[in-house]
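A closer look at the structure
The chain contents come next:
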Amino acid sequence: MEIPSLTIIPGHMELDELRLIYEGRVDFNLDPSCRENVAAGAATVQDILDRKKTVYGINTGFGRLAQQVIPEDRLTELQKNLVLSHATGVGPLLNDNVVRLILTMKAASLARGFSGVRMEVIEALLAFLAHDVYPCIPGKGSVGASGDLAPLAHMTAALMGIGDVRVEGAQMSAATAITEFGLEPLTLGPKEGLALLNGTQVSTALALAGLFEAEKLLGAATLAGSLSLDAAKGTDAPFDTRIHAARGQIGQMEMAASYRALIEGSEIRKSHEDCEKVQDPYCLRCQPQVMGACLDQIRHSANVLLIEANSVSDNPLVFTDTGEVISGGNFHAEPVALAADNLALAIAEIGSMSERRIAMLIDTSISGLPSFLVNDPGVNSGFMIAHVTAAALASENKQQSHPASVDSLPTSANQEDHVSMATHGARRLLRMAENTASIVGIELLAAAQGVEFRHPLQSSAPLERLHAEIRKIAPAYEQDRFFAPDLEAAKTLVTSGHLNRLFADALPATLME
C-alpha cells in the first residue's frame, strides 16, 4: 500500500492532513521556508544569553521558582532536570495514532519560530516520525494548563534517549531505538526543554482523535436511522425542506437533505403513504433536529481544534522583530476543553438516539415488526439483550459526558490556580466513541433485520446497498445464536469509516466549504 506524502506548512495544516496522519503512517516533511523563522528565534535566545539578560524560561527556574536565576554553565542541566522531573505520567499508554499527531503538531508548532528552539530539535521529532518511533506516553497526569507537561515530558525524554518507545507495536528503550536507527539523543539547549513540555498538543491530539471518530459515528448513525425509519414504516414527511428552512438551523437543514436522499424511491415507504398513522416517535421524526445539532457541534469543535493544531501554545514566546521574549498563557487549553466537552455531548446524543430506535424496532406495538425482531419469539429472544447492551452503553456515555471544563484544581503552589482539565476531557472521547459505535452497530443489525420482514417490498437504492453491506458482515437472525461476534463486526463496520466513504455523496461534510 502506497504511503501518502505531505508537505506541512507550519501554521497552515488542514483537517484532512491531520486525519491522514491519525489514520496511518504518512511520509511528510516541513516546508523548508520555516527554517529562516526557526533560526531567527534561536538567534534571539542566544542574543539574550550573550547580553546576560535574565528572562523567564531561558535562564530562570519555572512556575513558583521563576525568580531563581540559573548560571549559564547550568542551563543544559536545567533543561534536562525539567524534563526528568516533569515525566510523572501514569496509566495506560496513549495509542500510536495519537502519539503520531502529538509529534506532528509539536514539530509544526516549534517550526513557526516563536519558541526559540534550534532546527535540531524539530529534526529530532521528524526523525522519530520518519522511523515510526513512538514515545511511550502515559495518558494520565495533565490538567491541561501550563500545557500538557507530564505527557510531553515523556515525549521529550524519549528524544533524549530516556524512557521507552514503541516500534511496530514492540516496546523497547528509547536509547536502543535511537541506536538502531542511527539517530543521536537530543541534548537540550536553553529554553528547549520548556518549549517541548509547554503546549496543548496532547489534549489537542486526543480531541482530534475523538473528532475523527465522531465523524464516523454521525455518518453511520444517519444511515442506520434511515434504515430504521423504513423498517418501522416511518414517514419521510418530517424531512420536508420547508419545515427545516422555517427554522433555519444549518446542520438540521443539511441532515434533512441527507435523510430525504437516503429514503427516496423506497417501495416500503410508498406502501403506506395513505395509512392512518399520524406521527412517528421522536427517534424517527426528530432525526434532522438532533443529528443536525450534533453536526453543528462537531463542526464547531473541528474549527476550534484545527486552529489549535496550527497554534503556538508554549510559553514564553519569542518575537524576533523586536527581540522580546514575552510570557503569556497560550498553554491554557480551555478552547480544547470546551471543544472536547461539545464533542462528548454530540457522541452521547448520537448514541442516545440510536438506542431509542433500537428500542422502538424491537417493540412490536410501535414498529409493527415481530417482537424482538425474530421469528418464533418466546423460544427465541432475538435482539432483546442486544438492546440491553445498547442501553447500558448509552447510560455510561451520559455519565462520561459531564463537562470536564467546569472543573479546576490549583497546582504549582497556587501559581497555576485555574486549569482547563482538557486532557482527560479529550481522552474520554475515544472510550465514548467506542460505546456509541457499538450502539450504532446494533442498530444497523436491527434495522437490516427489520427491513427483511418487509419483503418482498424493497427499500430505496441507497438503503438496499446499505443492507447488502450489513449482510456482508453478519447473516440474518433466523434463530438465537451466539450473537457477540456479530455485534463486534458491526462495531468495526462503523469504526472503519467504510460506510462514510461508501455513502459520502449522501452525507454532509464535517467542515462547511
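Data block above holds the structure.
Heads up: these notes are all about the structure in this document. Not measured: the values here are computed from a predicted model.

Looking at the overall build of the protein chain
- Scanning the protein chain for helices and strands turns up 21 helices and 9 strands.
- Here the protein chain has a C-alpha radius of gyration of 26 Å; the compact-globule value for 513 residues is 24 Å, and the two agree.
- The principal-axis extents of the C-alpha atoms in the protein chain amount to approximately 85 × 50 × 45 Å.
- Relative to its full complement of 513 residues, the protein chain shows a buried share of 56%.
- Partitioning the contacts of the protein chain with sequence separation of at least 6, the portion at a separation of at least 24 is 78%.
- A total accessible area of about 21,000 Å² is found for the protein chain, and carbon and sulfur atoms account for 53% of it.
- Averaging the positions of the 39 positive and the 61 negative side-chain charges in the protein chain gives two centres separated by 3 Å.

Section: the environment of Leu429
- By secondary structure assignment, the location of Leu429 is in helix H18 (residues 422-452).
- As a C-alpha pair, Leu429 and Val312 span 117 residues in sequence and 24 Å in three-dimensional space.
- Those residues in contact with Leu429 that sit more than four places away from it in its chain are Ala207, Gly210, Ala340, Leu343, Ala344 and Ile347.

Thoughts on the packing of helix H2 (residues 34-50) against helix H5 (residues 119-130)
- In the contact formed by H2 and H5, the axes pass within 9 Å of each other and the chain directions differ by 130°. Judged by the inter-axis angle, H2 sits oblique to H5. Residue-level inspection shows Cys34, Arg35 and Val38 of H2 in contact with H5, the latter providing Met119, Ile122 and Glu123.
- Partitioned by chemical class, the residues of the contact of H2 with H5 number 4 nonpolar, no polar and 2 charged.

A few points about the pairing of strand E1 (residues 5-8)
- Residues of E1 alternate between two faces, with Leu6 and Ile8 buried on one and Ser5 and Thr7 left unburied on the opposite face.
- Chirality of the crossover, the property in question, places the unit of E1, helix H1 (residues 15-23) and strand E2 (residues 27-30) among those that are right-handed.

Focus on the nonpolar core
- Among the nonpolar cores identified, the biggest contains 158 residues, and Ile122 and Leu208 are the most heavily contacted of them.
- At 18 residues, the largest contribution of residues to this core is made by helix H9 (residues 201-231).
- In this structure, Ile122 is in contact with Leu30, Val38, Ala107, Leu110, Ala111 and Val117, ignoring residues within four places of it in sequence.

Points about the sheet that holds strand E7 (residues 170-173)
- Strand order in this open sheet of 3 strands is E4-E6-E7, and the pairing throughout is antiparallel. Whereas interior strands pair on both sides, the edge strands pair on one side only; in this sheet they are strand E4 (133-135) and E7. Neighbour-to-neighbour, the strand axes of the sheet open up by a mean angle of 35°, direction not taken into account.
- As paired elements, E4 and strand E6 (residues 164-167) share 3 bridges and run antiparallel to each other. What sits directly across from Tyr134, in E6, is Arg166.

Describing the pattern of salt bridges
- In this structure the tally under the stated criterion is 21 salt bridges.
- Linking Arg35 and Glu123 is a salt bridge whose minimum nitrogen-to-oxygen distance equals 3.0 Å. Taken together, the residues span a long stretch of sequence, with Arg35 in helix H2 and Glu123 in helix H5 at a distance of 88 residues.
- We classify Arg35 as partly exposed; its relative accessible area is 44%.
- For Glu123, a relative accessible area of 34% corresponds to the partly exposed category.
- Its salt-bridge partner being Asp96, residue Arg166 comes within 2.9 Å of it at the nearest N-O pair. Placement of the pair is Arg166 in strand E6 and Asp96 in helix H4 (residues 96-110), with a sequence separation of 70 residues. Here Arg166 matches Asp96 in class, with each residue buried.
- Linked through salt bridges whose partners overlap, the residues forming this network are Asp16, Arg19 and Glu215.

Regarding unusual backbone geometry
- Omega for the bond connecting Asn315 with Pro316 falls within 30 degrees of zero, at -5°, which places this linkage in the cis form.
- Tracing the backbone shows Pro316 in the loop between helix H14 (287-309) and strand E8 (317-319).
- Even without glycine at this site, Ser146 takes up a positive phi of about 60°.
- Inspection of the secondary structure puts Ser146 in the loop between strand E5 (138-140) and helix H6 (149-159).
- Unlike most non-glycine residues, Lys233 shows phi in positive territory, near 55°.

Digging into helix H3 (residues 75-86)
- The first and last C-alpha atoms of H3 sit 17 Å apart over 12 residues, in line with the 16 Å expected at 1.5 Å per residue.
- Along H3, the residues that are buried comprise Leu75, Leu78, Gln79, Leu82 and Val83. Angularly, the buried residues of H3 cover 130° about the axis, an arc narrow enough to put them on a single face.
- Residues of H3 that are buried sit in contact with H2, H6 and helix H8 (192-197).

Re a nonpolar patch on the surface
- Taken together, the side chains of Met384, Ile385 and Val388 make up a nonpolar region of the molecular surface, amounting to roughly 250 Å² of accessible area.
- Along the polypeptide, Ile385 turns up in helix H17 (residues 384-400).

Some points on the side chain of Arg166
- On the accessibility criterion, Arg166 (13% relative accessible area) is buried.
- In terms of polar contacts, Arg166 uses its side chain to reach the side chain of Asp96, at 2.9 Å.
- If near-sequence neighbours (up to four positions away) are discounted, Arg166 is found in contact with Leu93, Leu94, Asn95, Asp96, Asp132, Val133, Tyr134, Cys136 and Gln171.

A few points about the packing of helix H19 (residues 461-473) against helix H20 (residues 484-495)
- Relative orientation of the contacting elements H19 and H20 amounts to 130°, with a least axis distance of 9 Å. Comparing the axis directions of H19 and H20 gives the class oblique. Crossing of H19 against H20: the hand is right-handed. Between H19 and H20, the residues in contact are Glu469, Ile470 and Ile473 and Ala489, Ala490 and Leu493, respectively.
- Tallied by class, the residues present in the contact of H19 with H20 amount to 5 nonpolar, no polar and 1 charged.

Some thoughts on the packing of aromatic side chains
- Within this structure, the stated rule accounts for 6 aromatic pairs.
- Their ring planes at 25° and their centres at 5.2 Å tell us that Phe239 and Tyr259 sit as a pair that is stacked. One end of the pair, Phe239, is in the loop between H9 and helix H10 (241-247); the other, Tyr259, is in helix H11 (residues 250-263), and 20 residues separate them in sequence.
- Taking relative accessible area as the criterion, Tyr259 reaches 1% and is therefore assigned buried.
- Three or more aromatic residues joined by ring pairs form one cluster here, namely Phe383, Tyr477 and Phe483.

About the cut-offs
- Residues numbered from 1 in each chain as written.
- Predicted model: local features only at pLDDT ≥ 70, side-chain atom pairs only at ≥ 80, totals over all residues.
- Heavy atoms only, no water.
- Helix = DSSP H or I, 4+ residues; strand = E, 2+ residues; numbered from the N terminus.
- Rg over C-alpha atoms; globule rule 2.2 N^0.38 Å.
- Buried < 20%, exposed > 50% of the residue type's maximum accessible area, 1.4 Å probe, protein only.
- Contact = heavy atoms within 4.5 Å.
- Areas by Shrake-Rupley, 256 points an atom, 1.4 Å probe, with all protein chains shown as cover.
- Lys, Arg positive; Asp, Glu negative; His and termini not counted.
- Charge placed at Lys NZ, Arg CZ, Asp CG, Glu CD.
- Axes fitted to C-alpha atoms, helices over the stretch in contact; angles between N-to-C directions.
- Parallel < 35°, antiparallel > 145°, perpendicular 65-115°, else oblique.
- Nonpolar A, V, L, I, M, F, W, Y, C, P; charged D, E, K, R; others polar.
- Right-handed = clockwise from strand over helix to strand, strands pointing away.
- Core = buried A, V, L, I, M, F, W, Y, C linked by side-chain atoms within 4.5 Å.
- Pairing = 2+ DSSP bridges.
- Salt bridge = Lys/Arg side-chain N within 4 Å of Asp/Glu carboxyl O.
- Expected span 1.5 Å × (residues − 1).
- Arc of directions from axis to C-beta.
- Patch = residues over 30% accessible without salt bridge, like charges linked within 9 Å, V, L, I, M, F, W, Y side chains within 5 Å.
- Polar contact = N/O pair within 3.5 Å; in protein donor to acceptor, adjacent residues only side chain to side chain.
- Left-handed = near helix turned anticlockwise from the far one by under 90°.
- Phe/Tyr/Trp six-rings, centres within 6.5 Å; stacked < 30°, edge-to-face > 60°.

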